Amino acid sequence: MKSAYFKRLLPGDYLVVLLGLLLVVYLFKTLWHGEHAAKLEIRQGDQVFATLSLDQDRVIQVVGPLGTSKIEIKQGKVRFLSSPCSNQYCVHQGWLHHVGQAAICLPNRVSLELLGAKKAYDSLNY
Amino acid sequence: MRFLVFVLALLLAACGKEPLVHSQSYVFGTLVDISIYGESEARAHQVSNEIFQDFQKLHHQYHAWQKGSELYELNEAFSQGKSIQVKPELREMLEEATSLSKQSNGLFNPAIGGLIHAWGFQRDEFTPIDIQPEVIKNLVNANPVMLDIVMDGDKVRSKNPAVQLDLGGYAKGYALDKAAEKLHQLGIKNALVNIGGNIIAIGQHGDHPWRVGIQHPRQPQPMATLELLDGWAIGTSGDYQRYFIDSDGKRYCHIIDPRTGYPVQHTQAVTVLIPPQKHAGVISDVASKPIFISEPKNRDAAAKAMGVENYLVVDNAGISVSPAMKKRIHWLNQSKSEPETK
């Protein structure tokens, strides 16, 4: 029965299977890079404002010297949703997904950093 | 259940708390962070706060456009052609900045405060400006250079009224050296001080060296890491921290070529790694500028003039590293940023 089933596979079918496998390898290599972040650290000024997990979708409001920065957590990612600063670099940074990624709003003194089990470095040169 | 709690408690205790204390503050219009290893939390915070206060003081003393700062007063005197008395510290800074400017063949030029102002970078926020080619041309033709400054004892004046000092490319490095000196005096053996990306290392992180990440200029993550050994300093000049983008999508960064008066547009980032020496912090701040400003074919010569062996450049052509730097760097995402050796 089984062998009869396989006999029905034509060369084109094997090609489809092969392409499927290649696609899986390709997706794995492109999408599966970097450790997924365990925690998000939000700092305001010289204080840690909050350390949060990324598994709950929500919007957090952090008040800095210029006003309120809105930070959005969604499906394991985080970004500056809106900011009272004029240049909006922080908002343009977009979504952060992986450990070690960070975004900062200097004018409003708010920073986001994704922390993992182990930090790849002690401090960042930029 | 009780056994499980016991095992968990034991595990947690075994993790212990690493004696690493991290403090951060905002000074010099940027983020400053200090990591101290091997001291009690209270002591580490006390030391960090002292250093933050020193930084705050330096920031106010040498602020380029805040009325009342020592540098502001000096610039006022320069523009009026008057002689002014300065404190020994500022005099020493002027001497060092002049000698570094000479060494860089004028590419590091802290006398072009007028140009930096004209481009709108002497503000806390950077929004697009209306570019005024005439104003820029006049400022370039006035040719303000450090050698225009005449020092006689504690009296200083400028032969050229166009000289307007902006120590933006020097003061952070200077502050790093001051911090390192203070940490040594206070008996702190292991610390990492980061002022807006410019970092100096003292001692190490427990049983291994301090490790720093190097930010990718176009991605919100580091592209590489390297070990920053005791006394070493690292600095980057980039077009991604202070810039504006005009309505045509053209990027104007804060690093201005003193020869043209226009922001450099051929380079995204230059990182230099400086071995232990007197004023390693200052050199890590200053030395990246001439390499950043030089045309791509002249970068090696600019690095050589500044005595820099370890450096990394990111431009539209990709990432390139000097042979010495190649041995020290650890790439985080090799497939995305394939480096080439020069």
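Residues numbered from 1 in each chain as written. Chains lettered and ligands numbered in written order. Predicted model: local features only at pLDDT ≥ 70, side-chain atom pairs only at ≥ 80, totals over all residues. Heavy atoms only, no water.

## Remarks on the nonpolar core
All names here are of chain B. Inclusion rule: In this description, a nonpolar core means a group of buried Ala, Val, Leu, Ile, Met, Phe, Trp, Tyr and Cys residues linked to one another through side-chain atoms lying within 4.5 Å. A 1.4 Å probe rolled over the protein chains alone gives each residue an accessible area, and that area as a share of the maximum for its type sets the label: buried under 20%, exposed over 50%, partly exposed in between. Note on conventions: DSSP H or I runs of at least 4 residues are helices, E runs of at least 2 residues are strands, and numbering of each starts at the N terminus. The contact criterion used throughout is that any non-hydrogen atoms of two residues lie within 4.5 Å.
Grouped together as the largest cluster of nonpolar side chains are 82 residues, with contacts concentrated most on F55, L74, L165 and Y170. At seven residues, the largest contribution of residues to this core is made by helix α7 (residues 171–185). Filtering out sequence-adjacent residues up to four positions away, L74 remains in contact with I84, V86, L90, L94, V156 and L165. In this structure, L31, L228, W232 and M325 belong to the second largest nonpolar core, which totals 28 residues.

## As for the pattern of salt bridges
All names here are of chain B. Definition in use: Any Lys or Arg side-chain nitrogen found within 4 Å of a carboxyl oxygen on Asp or Glu counts as a salt bridge.
Under the definition given, this model contains 15 salt bridges over all chains. Residue K182 is joined to D54 by a salt bridge in which the shortest nitrogen-to-oxygen separation is 3.1 Å. You can see K182 sitting in helix α7 and its partner D54 sitting in helix α2 (residues 41–61), a full 128 residues away along the chain. On the basis of relative accessibility, which here comes to 29%, the residue D54 falls in the partly exposed class. Here R218 and D239 are joined by a salt bridge, their closest N and O atoms 2.8 Å apart. Residue R218 is located in the loop between β8 (210–215) and β9 (222–228), and its partner D239 is located in the loop between β10 (233–238) and β11 (243–245); the two are separated by 21 residues in the primary sequence. D239 gets classed as buried once you look at its relative accessible area, which sits at 5%. Put simply, E50, D54 and K182 are held in one network by salt bridges that share partners.

## As for the domain arrangement of chain A
Condition: For every domain, the bounds stem from an assignment made automatically or drawn from a database.
Along its sequence, chain A is carved into domain 1 (2–32) and domain 2 (39–115). Its C-alpha centre places domain 1 of chain A at a distance of 42 Å from the equivalent point of domain 2 of chain A.

## What about the interface of chain B and chain A?
By a widespread convention, an interface's size corresponds to the accessible area lost as its parts come together. The condition is simple: Buried area: the accessible surface (1.4 Å probe) lost by two parts on joining, summed over both. Polar here means any residue outside two lists: the nonpolar Ala, Val, Leu, Ile, Met, Phe, Trp, Tyr, Cys and Pro, and the charged Asp, Glu, Lys and Arg; Gly therefore counts as polar. By this definition, two strands are paired if DSSP reports at least two bridges between them.
On the side of chain A, 27 residues touch chain B, which itself brings 40 residues to the contact. Buried surface at the junction of chain B and chain A, summed over both partners, amounts to about 2,800 Å²; 47% is from carbon and sulfur atoms. At the boundary of chain B with chain A, the tally comes to zero salt bridges. Put simply, the parts of the chain that give the side of chain B that touches chain A at least two residues each are β1 (20–27), β2 (30–37), β6 (191–195), β8, β9, β10 and β11 of chain B. Sorting elements by how many residues they give to the side of chain B that touches chain A places β8(B) first, with six residues. Per-class residue counts for the side of chain B that touches chain A are 15 nonpolar, 20 polar and five charged. Direction of pairing for strand β8 (residues 123–125) of chain A relative to β8(B): parallel, over a ladder of three bridges.

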